[in-house]
Amino acid sequence: MVRVDSITVDFDGVSALSNISTVVNNGDFVVVVGPSGSGKTTLFDVISGTVNPSQGSIFLDDIDITDVSEKKRACHIGRLFQNTHLSSAPCMTVAENLALAMCKDKRIGVHSLMCAYKKEVSELINNIIRPIIPNIDELLDCPIGRISGGQRQIISFVMATLKPPRLLLLDEPTAALDPQSATKLLLFAQEFIAKKKITTMLITHDPHLALSIGNKLLVLDKGVIKSEFGQDKRNISPDNLIGQIDYQAIAKNF
Amino acid sequence: MLDIIELCKGVLELGFIYSLVVIAVFLTSKIISFDDLTVEGSFGIGGAVAACCALWGFNPLVAILFSIMSGILAGIATGLLARKLNINGLISGLIVTTALFSVSKKVAGSAMVTIPADANLFNCVGIPTHLNKFIILASVSFGALFFVKWLLRTEFGSMLKALGCNPQLLTNLGKNINGYTIATLSIANGLTACAGALFVNYTSFFSLTGNIGTFIYALAGLMFAEIFSDKLGVAIILGAIAYPALYMITIQLQLDPDLTKLIIALLMVTMLLFKRKSIKHVAMR
C-alpha cells in the first residue's frame, strides 16, 4: 500500500503540488489524468524519490520512505518513462539491457555479465518477449537505442518488472508511440500486471484509456486533486472527463 | 638503417607508455562520459612518487605501486569533488591537477630529479638491456588493455557502460552512480600515474612540467585509435603510437623545429579527414 500524506512541492516559490493526499491499496491500478503542468509527473517524482517534498510524507506499506534515497526506493518501485531512452541504456544491446536488469538484486562479481545470465535471458525471451515481439532474435544484438520506440518500450517494461516491484509507475509510456504500438504495449502491460498483481499507477492524457483501464481514477489540476473516482468511474463518459480536466481553460492560455 | 630501427623502437616504447593514458581517457570520456582533466596531474604525481621512491632507494616495482596508489587517490579526489560537492567534472579535474602541481614538487623535492641508474626499473629486470625497455613496456601496455577489456565485460563494466549512456538506468536498478564514477576515475588515474612512473624510469629524469599536454596527447591518441576501430582493442595502442610517430616523421624530414607542432597539427587534420572520407566511403557502399 502507498500512502501520500499532505504532500506539497515548491520549485523556487512556484507550487507544483499543494497538500496532496491519496491512498493506493495493494493490487490497485490507479490512472492519473490532468492537463500539462497539473503535477502528475511531479507526484511520480515524489513517490519515486527524484524530488523531495517541501512538506508531507510518503508511506510504502506503512513505512515512512520520505527520507529514503531514490536508489534505495528503486528496489521496490519500478518506473517506466515517457522518454523511451530513459528506461534503458541506448548504447547497449537488447540482450545486454535485459542482463543488466537481472543485476537489480543479484551480484555476479567478476564473471562476464552475458555469460552469467545467458540462460535467464534466453528463458525471458522465450516466455515473455517472443510472443509480443516475434522477431526478437534479430534484435538481440542491436543497440536498444536503434530499435523502434514501441519495441524499446516493451523491453523497458519487461526490465522494470523483471522482479515485480511493490509499486509500478507508468509515466505516459505510450505518449511517444504510434497508436498500434501503444495498443500492443498496453494490452501486454495490462495482462502482465493483472497476472502478477502489481500495484500500478499510470499517467495518461487519453480520456478513453483512462476510463477503460484501472480501478481508480485521479484527476489532478493545478497541483491539487480535483476529483477521485473508484469503481464509480464507469459512470463517467469521456466527454465528462474532458470537462473535469478542463482542457479548454488550458487551451485559452495559449 | 640502425638509427631508423632505434628511432622506431623509441616511438613504439613511448607509444606503449602513453597507451595507458589513452586507455584511461577511453574509460572516462568514452565509457562513463566524464571528461577528466585529472590525468594531466596524475601523470605528474605518478612520476614524482616514482622519482621520490627511487631517491629513497625503494625497489622500482614498489615505487610503481606507490605511484599507482597516488593516481588512485587523485581520481578519488576528483570524484568526490564532482559527485559529493556537485562541482562540474571539468572544473573538478582542473582543481585536482592544480593542487597536484604543488604536491608533485613537494613529493619529488625539486622541479627536476635525476633517477639513479641502480634504482631504475629497466636496469633491475633480468632481461638483456637493449630489449628490456621494449618488452616491459609492451607487456604493461597490452596487460592494461586486456585488464580493461576484461573489466568491461563484467557486471561492474556493464554498469559503467550504462552509466555513460543513461545514468537514470543505474538509479532505476538501485545502483550507486557516485560509487561507480569514483571507482572509474580511480582506475583511470591509477593507470595514468603508472604511465607517469614508467615515463620517469624510461627517461631517467623527472621534470615538474613533463606532464603538460598529457590530456591532449591522450585525446589525440583516442582520435587516432578511432581511425582504426571504434572499439577498445589494439587500435588504442596504435593510436597512442601515432602521435610520437608524427614527431619522428617531422624529425626525419629535418623540418624547422619551431614548426614541429604546426606540422603535427596539419598531419592530424589530414588523418582525421582521411577517417571521415573512409567512413563516407563505407556508408556509400
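Residues numbered from 1 in each chain as written. Chains lettered and ligands numbered in written order. Predicted model: local features only at pLDDT ≥ 70, side-chain atom pairs only at ≥ 80, totals over all residues.

### Topic: the overall build of chain A
Definition in use: Counting from the N terminus, the helices are the DSSP runs of H or I reaching at least four residues and the strands are the DSSP runs of E reaching at least two. The exposure scheme places C-beta atoms from the backbone and then counts, for each residue, the other C-beta atoms within 10 Å of its own, assigning buried at 20 or more, exposed at 12 or fewer, and partly exposed in between. Residues are defined as contacting one another if the C-beta atoms placed from their backbone atoms lie within 7 Å.
Within chain A one finds 11 helices and 10 strands. Residues classed as buried in chain A amount to 41% of the 254 residues present. By sequence separation, contacts in chain A at least 24 residues apart represent 71% of the contacts at least 6 residues apart.

### Some words on the interface of chain A and chain B
Rules: Under this grouping Gly is polar, as are all residues other than the nonpolar Ala, Val, Leu, Ile, Met, Phe, Trp, Tyr, Cys and Pro and the charged Asp, Glu, Lys and Arg.
At the interface, 25 residues of chain A touch 16 residues of chain B. At the level of secondary structure, the elements contributing two or more residues to the side of chain A that touches chain B comprise helix 2 (70-73) and helix 3 (94-102) of chain A. Take the side of chain A that touches chain B: its biggest share by element is three residues, from helix 2 of chain A. Among the residues making up the side of chain A that touches chain B, the classes are represented as 12 nonpolar, six polar and seven charged.

### A few points about the nonpolar core
Across soluble globular proteins, nonpolar side chains show a tendency to be buried alongside one another. As a reminder, the rule being used: Among buried residues, those of type Ala, Val, Leu, Ile, Met, Phe, Trp, Tyr and Cys that are joined through C-beta atoms within 7 Å form a set called a nonpolar core.
Among the nonpolar cores identified, the biggest contains 151 residues, and Val-32 of chain A together with Ile-17, Val-21, Val-22, Ile-23, Ala-51 and Ala-195 of chain B are the most heavily contacted of them. Beyond its immediate stretch of four places on either side in the chain, Ile-17 of chain B contacts Leu-137, Ala-195, Leu-198, Phe-199 and Tyr-202 of chain B.

### Points about the sheet that holds strand 9 (residues 216-221) of chain A
Residues and elements named next belong to chain A. Keep this limit in mind: Only strands that DSSP links by at least two bridges are regarded as paired with each other. Note on geometry: axes are lines fitted to C-alpha atoms, helical ones only across the stretch in contact, with angles between N-to-C directions running from 0 to 180 degrees.
Ordered by their spatial adjacency, six strands build an open sheet running 6-7-8-3-9-10, and the pairing between neighbours is mixed. Two strands close off the open sheet at either side, each with one partner strand: strand 6 (77-80) and strand 10 (224-229). With direction set aside, neighbouring strand axes in the sheet form an average angle of 20°. Relative to strand 7 (residues 167-171), strand 6 runs parallel, the two sharing four bridges. In the sheet register, Ile-77 faces strand 7, and the bridge partner there is Leu-167.

### Re unusual backbone geometry
All names here are of chain A. Positive phi, close to 50°, is recorded for Asn-19, a residue that is not glycine. Position of Asn-19 among the secondary structure elements: in strand 2 (residues 14-24). Accessibility expressed as a C-beta count within 10 Å gives 14 for Asn-19, which makes it partly exposed. Positive phi, close to 50°, is recorded for Asp-61, a residue that is not glycine. Along the chain, Asp-61 falls in the loop between strand 4 (55-60) and strand 5 (63-64). For Asp-61, a count of 12 C-beta atoms within 10 Å puts it in the exposed group.

### Section: the domain arrangement of chain B
What counts, and what does not: Residue ranges labeled as domains rest on an automatic or database domain assignment.
Each domain of chain B was delimited in the assignment, giving domain 1 (4-253) and domain 2 (255-285). Distance from the C-alpha centre of domain 1 of chain B to the C-alpha centre of domain 2 of chain B: 25 Å.

### Topic: the sheet that holds strand 2 of chain A
Residues and elements named next belong to chain A. Within the open sheet, the four strands sit side by side as 2-1-4-5. Their pairing is antiparallel. Of all strands in the sheet, those with a lone pairing partner are strand 2 and strand 5, marking the two edges. Pairing of strand 1 (residues 2-11) with strand 2 involves seven bridges; the strand directions are antiparallel. Note that in strand 2 the partner of Arg-3 across the bridge is Val-23. Here helix 1 (residues 40-48) sits on the sheet in contact with strand 1, strand 2 and strand 4, set at roughly 115° to strand 1.

### So, the environment of Leu-27 of chain B
Checked against the element boundaries, Leu-27 of chain B lands in helix 1 (residues 2-31). Spatially, the C-alpha atoms of Leu-27 of chain B and Val-107 of chain B are 28 Å apart, while their sequence positions differ by 80 residues.

### Details of the confidence of the model for chain A
Note the threshold: Every residue carries a pLDDT, the predictor's confidence in it, which falls somewhere between 0 and 100.
Of all residues in chain A, 88% attain a pLDDT of 70 or more, and the chain-wide mean is 83. In the predicted structure, residues 248-254 of chain A sits below a pLDDT of 50 and forms one contact with residues beyond four places in sequence or in another chain.

### Some words on the pairing of strand 7 of chain A
Regular strands have side chains that alternate between both faces of the sheet. Residue and element names in this part refer to chain A. Put simply, the rule reads: Here, the term right-handed applies to a crossover whose path from the first strand over the helix to the second runs clockwise when the strands point away from the viewer.
Counted residue by residue, strand 7 has five buried out of five residues, so it is predominantly covered. Neither face of strand 7 is left uncovered, since the one carrying Leu-167, Leu-169 and Asp-171 and the one carrying Leu-168 and Leu-170 both have all their residues buried. Regarding topology, helix 8 (residues 179-196) serves as the crossover connection from strand 7 to the parallel strand 8 (residues 200-203), and that connection is right-handed.

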